[in-house]
Each structure stands twice: as structure tokens, then as C-alpha cells.
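What the coordinates show
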Amino acid sequence: DAGLKYAETVRDALHRLGADHRPGSFAEYGRLRVSVPDWFARYVMLPELARFRSHVPHLDLEISTGMGLADLEAGDADVALRLGMGKWGNLRSYRLAQFTASVVAAPSLVAVARELSGKGELPMVCLDKLERHTRATIASVGLTARAERALRLDNYLDVVQAAEEGLGVTVTFTTPQASGASNDRLVTLSSRPLPVPFAMYFVCRELEADRPDIAALRKLCVNRFL
């Protein structure tokens, strides 16, 4: 109880300090550390960086695509692009895009997918943290993936590559505004985009939301999607 009361006092003091803060130049803050999913960096952020740097050439940028969720409150990064429901503790989040899903497979697997599904032998590739969602999405198009034949990976780009190699049916994600890289090695099995319960968010610490470097990067991301 004493700790909770003290936390409220500290939080109020930090908010008061933040209200008096006036953002300065990029150089004042040093390097801007950004944590992003690997596929977002490849398909969205890196292709846009040349244009971005032409507008803010003095921004010192560091991009991390590690699979671990950066702890912004502990200072692991300054900004993160996250998939989720939009709420992470006391962090400020800005919704960028809602995703849709497609069930896909390599052409060689598509030819026998229905037969394998009927026999209970259809293989599946998925992100380890999205196995349940992947299985349910595949089921929504009338296919059943066998649990014992699931290949679970911790990297989305590896999931796509595994599907391209014919190792299983999988689910890919995209947005209406950004279709990602074209892929002629996968065939779509779903007749329409399927709903996804999460979205992409730009996330930063509450007191630093108006920092000029963070605001500039947020503008880039918002313009890319909205």
C-alpha cells in the first residue's frame, strides 16, 4: 500500500516535469533507438528511410529488429513499432494500421491441400506466439492443420520462407494501405481478406511523445499508412 501511494506521488511529479519540458534539437537527445519487427523494417521502414533522411538528415538513428519485446519503460529503446491491442502500461501509443490476414501456401502444396486436410495430414507453418490464431484462420477457410505437423518459428520472415519452400500452409498479414512485398511463390487460399484482432502501433514513453526526433519518425509512419 505504501509503495502504491509513493508511485502515485512520483508519477504526478514526473508529469509536472514533463509539462515544463520544451523539446530542443535532435542533437540534444543523441541517437534515436527504434525497435521494430523484422518484416516491418524490411518492407516499410527501410524503403522509406532515404526520403525520411532527406527531410531530417541530422537524425542519428539505430534500428533493432530483435524478436524480444523492447522494454521502453526500462530504456531499452526510445520508440517501438508493436503489434497488439494498443495498451502497454503507461506508454503512449498511436494506432497506425489495422491488419488483415490471408491463408497462403506454395503452389505444390495448394494442389494437395484439400486432400491432406481430409486425411488430417495438412502441415502448417506459424509464428510460435500465433499458433492458435493461425490454426483458427486456416480452419476458417475449411482446412484443418495437423498439430503434429506444425512448424513453429519465432521470425515472421522465416515463416514466409518456410511456406515458400512448401513446408506448410500459413497465414500472412497485410494492410489495405501497404500490401508489402509482392510474392509470386505463394498462392492465396482465402477468397477475401480475413479479420485480425490486432493492429500496428507506434509506441513511446509518455513524457517524450513530443520530442522532435520521435515526432518526426511518427509522422513518417503515419504518412506511410494513413
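Residues numbered from 1 in each chain as written. Predicted model: local features only at pLDDT ≥ 70, side-chain atom pairs only at ≥ 80, totals over all residues. Heavy atoms only, no water.

1. Points about the pattern of salt bridges
- On inspection of all chains with the given rule, the structure shows 15 salt bridges.
- Between E62 and R31 there is a salt bridge, and its shortest N-O distance comes to 3.3 Å. A residue pair is termed long-range when its members are at least 10 positions apart, and E62 in strand β2 (residues 61-64) and R31 in the loop between α1 (2-19) and β1 (32-35) qualify at 31 residues.
- Judged by relative accessible area, which is 45%, R31 ranks as partly exposed. (Salt bridge = Lys/Arg side-chain N within 4 Å of Asp/Glu carboxyl O. Helix = DSSP H or I, 4+ residues; strand = E, 2+ residues; numbered from the N terminus. Buried < 20%, exposed > 50% of the residue type's maximum accessible area, 1.4 Å probe, protein only.)

2. Digging into the packing of aromatic side chains
- In this structure the tally under the stated criterion is seven aromatic pairs.
- With a centroid separation of 6.1 Å and 80 degrees between ring planes, the pair formed by W39 and F40 is classed as edge-to-face.
- Residue classification places W39 among the buried positions, given a relative accessible area of 12%.
- One aromatic cluster in this structure is built from W39, F40, F99, Y156, F173 and F198.
- One residue, R218, lies across the ring of Y94, its end atom 4.4 Å from the ring centre. (Phe/Tyr/Trp six-rings, centres within 6.5 Å; stacked < 30°, edge-to-face > 60°. Lys NZ or Arg CZ within 6 Å of the ring centre and 35° of its normal.)

3. Quick notes on the packing of helix α2 (residues 38-55) against helix α7 (residues 212-225)
- Look at α2 against α7: their axes get within 11 Å of each other, and the N-to-C directions meet at 115 degrees. For α2 against α7, the interelement crossing comes out right-handed. Packed against α2, whose contacting residues are F40, Y43, V44, M45, E48, R51 and F52, the element α7 presents A216, L217, L220, C221, R224 and F225 at the interface.
- Residues belonging to the contact of α2 with α7 are distributed by class as follows: 10 nonpolar, no polar and three charged. (Axes fitted to C-alpha atoms, helices over the stretch in contact; angles between N-to-C directions. Left-handed = near helix turned anticlockwise from the far one by under 90°. Contact = heavy atoms within 4.5 Å. Nonpolar A, V, L, I, M, F, W, Y, C, P; charged D, E, K, R; others polar.)

4. Details of α7
- An ideal rise of 1.5 Å per residue puts 20 Å on 14 residues; α7 measures up with 20 Å between its terminal C-alpha atoms.
- Packing partners of the buried residues in α7 comprise β1, α2, β3 (79-84), β4 (92-105) and β9 (194-204). (Expected span 1.5 Å × (residues − 1).)

5. So, the pairing of strand β6 (residues 145-153)
- With five bridges joining them, strand β5 (residues 122-127) and β6 adopt parallel strand pairing. Across the sheet, the residue bridging to M124 is A150, located in β6.
- In this fold, the crossover linking β5 to β6 by way of helix α5 (residues 131-139) has right-handed handedness. (Pairing = 2+ DSSP bridges. Right-handed = clockwise from strand over helix to strand, strands pointing away.)

6. Remarks on a nonpolar patch on the surface
- On the surface, Y6, V10, L14 and L207 cluster together into a nonpolar patch covering about 370 Å² of accessible area.
- Looking at the secondary structure, you find L14 in helix α1. (Patch = residues over 30% accessible without salt bridge, like charges linked within 9 Å, V, L, I, M, F, W, Y side chains within 5 Å. Areas by Shrake-Rupley, 256 points an atom, 1.4 Å probe, with all protein chains shown as cover.)

7. Description of the nonpolar core
- One finds V34, F40, M45, V79, L81 and L217 to be the most contacted residues of the largest nonpolar core, which totals 58 residues.
- For F40, the contacting residues outside a window of four places in its chain are M45, L81, M200 and F225.
- Listed in part, the nine residues of the second largest apolar core include A70, L72, W88 and Y201. (Core = buried A, V, L, I, M, F, W, Y, C linked by side-chain atoms within 4.5 Å.)

8. Brief notes about the environment of H58
- Looking at the secondary structure, you find H58 in the loop between α2 and β2.
- By relative accessible area, H58 is classed as exposed at 70%.
- Along the backbone, H58 and D213 are 155 residues apart, and their C-alpha atoms lie at a distance of 9.7 Å.

9. A look at the environment of A162
- Among the secondary structure elements, A162 is positioned in helix α6 (residues 156-164).
- For A162, a relative accessible area of 7% puts it in the buried group.
- Considered as a pair, A162 and C126 are 36 residues apart in the sequence and their alpha carbons are 9.3 Å apart.
- Not counting residues within four places of it along the chain, the set of residues in contact with A162 comprises V125, L151, L153, L167 and G168.

10. Here we look at the pairing of β2
- Examined bridge by bridge, β1 and β2 share four bridges and lie parallel to one another. Within the sheet, the bridge partner assigned to S35 lies in β2 and is S64.
- Chirality of the crossover, the property in question, places the unit of β1, α2 and β2 among those that are right-handed.

Everything listed here is a matter of geometry and, on its own, says nothing about what the molecule does.
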